[in-house]
Amino acid sequence: LSARGAHQSKKMHPVALAVSPLGGLGGLGGYHTSVLVSGEEFSFSDAGICTARGPASHQAAGRPQLLEFGRSEKSGAQLRAALSDHFEPGSYD
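Residues numbered from 1 in each chain as written. Predicted model: local features only at pLDDT ≥ 70, side-chain atom pairs only at ≥ 80, totals over all residues. Heavy atoms only, no water.

Caption draft 1: Structural context of the pattern of salt bridges. Summed over the entire model, instances satisfying the criterion amount to one salt bridge. The partner of Glu 73 in a salt bridge is Lys 10, with the nearest N and O atoms 3.6 Å apart. Of this pair, Glu 73 sits in the loop between strand S5 (65-72) and helix H1 (76-83) while Lys 10 sits in the segment before strand S1 (13-25), and the two are 63 residues apart along the sequence. (Salt bridge = Lys/Arg side-chain N within 4 Å of Asp/Glu carboxyl O. Helix = DSSP H or I, 4+ residues; strand = E, 2+ residues; numbered from the N terminus.)

Written out as structure tokens, the structure is:
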């Protein structure tokens, strides 16, 4: 194979948004969301960015709706590294 035809294919990671409704107050409601990359969940709490296998942070709200967003060359570890300075422990409000 020539160098031109011998490219390596990059691993692609499926990405999904998990969404669960929260209880409403006075007709208003909210949602809990998290991002899944290759089945690993990333959510934000007072502890900072939390990870789990599957949509574990949605347990109290029941089964979340999963919205598929395609695939990314970036891994979950890369996502966490890119966002950790913006979602530090103690910064959740």
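Caption draft 2: The arrangement of the pairing of strand S2 (residues 28-37) in detail. By the bridge criterion, three bridges tie S2 to strand S3 (residues 40-45) in an arrangement that is antiparallel. The residue bridging Leu 36 from the neighbouring strand is Glu 41, located in S3. Between S2 and S3, which pair antiparallel in sequence order, lie two residues; one of them, Ser 38, sits at a positive phi of approximately 50°. (Pairing = 2+ DSSP bridges.)

Caption draft 3: Focus on the side chain of Ser 34. With respect to the helices and strands, Ser 34 occurs in strand S2. The buried category is assigned to Ser 34, whose relative accessible area is 3%. A distance of 2.9 Å separates a polar atom in the side chain of Ser 34 from a polar atom in the side chain of His 58. With residues near it in sequence (within four places) discarded, Ser 34 still touches Ala 16, Leu 17, Ala 18, Glu 41, Phe 42, Ser 43, Ser 57 and His 58. (Buried < 20%, exposed > 50% of the residue type's maximum accessible area, 1.4 Å probe, protein only. Polar contact = N/O pair within 3.5 Å; in protein donor to acceptor, adjacent residues only side chain to side chain. Contact = heavy atoms within 4.5 Å.)

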